[in-house]
Amino acid sequence: MATSISVTGFKGGLCSSFHGSWGTTMVGEDYAMLAKSVPNHVRVGKPTRAQPMMRNVNEGKGLFAPIVVVTRNLIGKKRFNQFRGKAIALHSQVITEFCKSIGADAKQRQGLIRLAKKNGERLGFLA
């Protein structure tokens, strides 16, 4: 038993017929208009890769983070990083001198420096 269904409703007679299988035909002006609307050439541009943002993961975290951020904005990033580098070097020297005075070896000294860095991150000094 064959069933026949016809759907129309578009100008020009877009027809869809079902005679036991699925099939679609387009006739008239709609086909020509559709064929003209499809571009002949598709240009594909070179994919652009977003530049990674070098942001500090600690920005805004910690008790002293707002002070650090305001100071960096006031004196400028370059001068701030120079100052920060000098402060970190001085702090490492203090830790080294402390380790010498108590007789700690290099491994313990390195552990103390890592601990100081983690504490600085938690407090917001590295924001």
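What counts, and where the lines are drawn
Residues numbered from 1 in each chain as written. Predicted model: local features only at pLDDT ≥ 70, side-chain atom pairs only at ≥ 80, totals over all residues. Heavy atoms only, no water. Core = buried A, V, L, I, M, F, W, Y, C linked by side-chain atoms within 4.5 Å. Buried < 20%, exposed > 50% of the residue type's maximum accessible area, 1.4 Å probe, protein only. Contact = heavy atoms within 4.5 Å. Salt bridge = Lys/Arg side-chain N within 4 Å of Asp/Glu carboxyl O. Helix = DSSP H or I, 4+ residues; strand = E, 2+ residues; numbered from the N terminus. Axes fitted to C-alpha atoms, helices over the stretch in contact; angles between N-to-C directions. Left-handed = near helix turned anticlockwise from the far one by under 90°. Nonpolar A, V, L, I, M, F, W, Y, C, P; charged D, E, K, R; others polar. Phe/Tyr/Trp six-rings, centres within 6.5 Å; stacked < 30°, edge-to-face > 60°. Patch = residues over 30% accessible without salt bridge, like charges linked within 9 Å, V, L, I, M, F, W, Y side chains within 5 Å. Areas by Shrake-Rupley, 256 points an atom, 1.4 Å probe, with all protein chains shown as cover. Expected span 1.5 Å × (residues − 1).

Asker: Tell me about the nonpolar core, and please be specific about residues and values.
Answerer: Counting five residues, the largest nonpolar core is built from Ala65, Val68, Val69, Phe80 and Ala127. Not counting the four nearest positions on each side in its chain, Phe80 is found in contact with Val68, Thr71, Arg72 and Ile75.

Asker: Just give me the short version of the pattern of salt bridges, but keep the residues and values in it.
Answerer: Evaluated as defined, the whole model comprises one salt bridge. Note that Glu97 and Lys100 form a salt bridge whose closest N and O atoms lie 4.0 Å from each other. Of this pair, Glu97 and Lys100 both sit in helix H3 (residues 77–102), three residues apart, roughly one helical turn.

Asker: A description of the environment of Arg109 should follow, citing residues and the corresponding values.
Answerer: Residue placement: Arg109 occurs in helix H4 (residues 106–123). Given the relative accessible area of 26%, Arg109 is considered partly exposed. In this structure, the C-alpha to C-alpha distance between Arg109 and Phe98, residues eleven residues apart in sequence, is 8.8 Å. Those residues within four positions of Arg109 in sequence are excluded, and the remaining contacts are Ile95, Thr96 and Cys99.

Asker: Give me the lowdown on the packing of H3 against H4, citing residues and values where you can.
Answerer: Between two packed helices, both the angle of their axes relative to each other and the distance between the axes serve to describe the pair. H4 packs onto H3 with a crossing angle of 140° between their chain directions and a minimal axis gap of 10 Å. For the pair H3 and H4, the crossing hand works out as right-handed. Note on element contacts: H4 touches H3 through Arg109, Leu112, Ile113 and Ala116, opposite His91, Ser92, Ile95, Thr96, Phe98 and Cys99. In terms of residue class, the contact of H3 with H4 is made up of six nonpolar, three polar and one charged.

Asker: Give me the lowdown on the packing of aromatic side chains, citing residues and values where you can.
Answerer: Geometry of an aromatic ring pair is reported as the spacing of the ring centres plus the angle between the planes. One pass over the structure, following the stated rule, counts one aromatic pair. The interplanar angle of 10° and the centroid separation of 4.7 Å between the aromatic rings of Phe64 and Phe125 together place this pair among those described as stacked. Remark: Phe125 occurs in the segment after H4 and Phe64 occurs in the loop between helix H1 (29–37) and helix H2 (65–75); sequence separation between them is 61 residues. Classification of Phe64 by relative accessible area gives partly exposed; the value is 29%.

Asker: I'd like to hear about a nonpolar patch on the surface, residue by residue, with values.
Answerer: On the surface, a cluster of nonpolar side chains totalling about 360 Å² of accessible area is made up of Phe98, Ile102, Leu112 and Leu115. Secondary-structure elements contributing two or more residues to the nonpolar patch are H3 and H4. Tracing the chain through its elements places Leu112 in helix H4.

Asker: Just give me the short version of H3, but keep the residues and values in it.
Answerer: If you check H3, its first and last C-alpha atoms are 37 Å apart, about what 26 residues at 1.5 Å a residue would give, namely 38 Å. Taken together, the buried positions of H3 are occupied by Phe80, Arg84, Ile95, Thr96 and Cys99. Buried positions along H3 lie against H2 and H4. Backbone geometry just after H3 places Gly103 at a positive phi near 85°.

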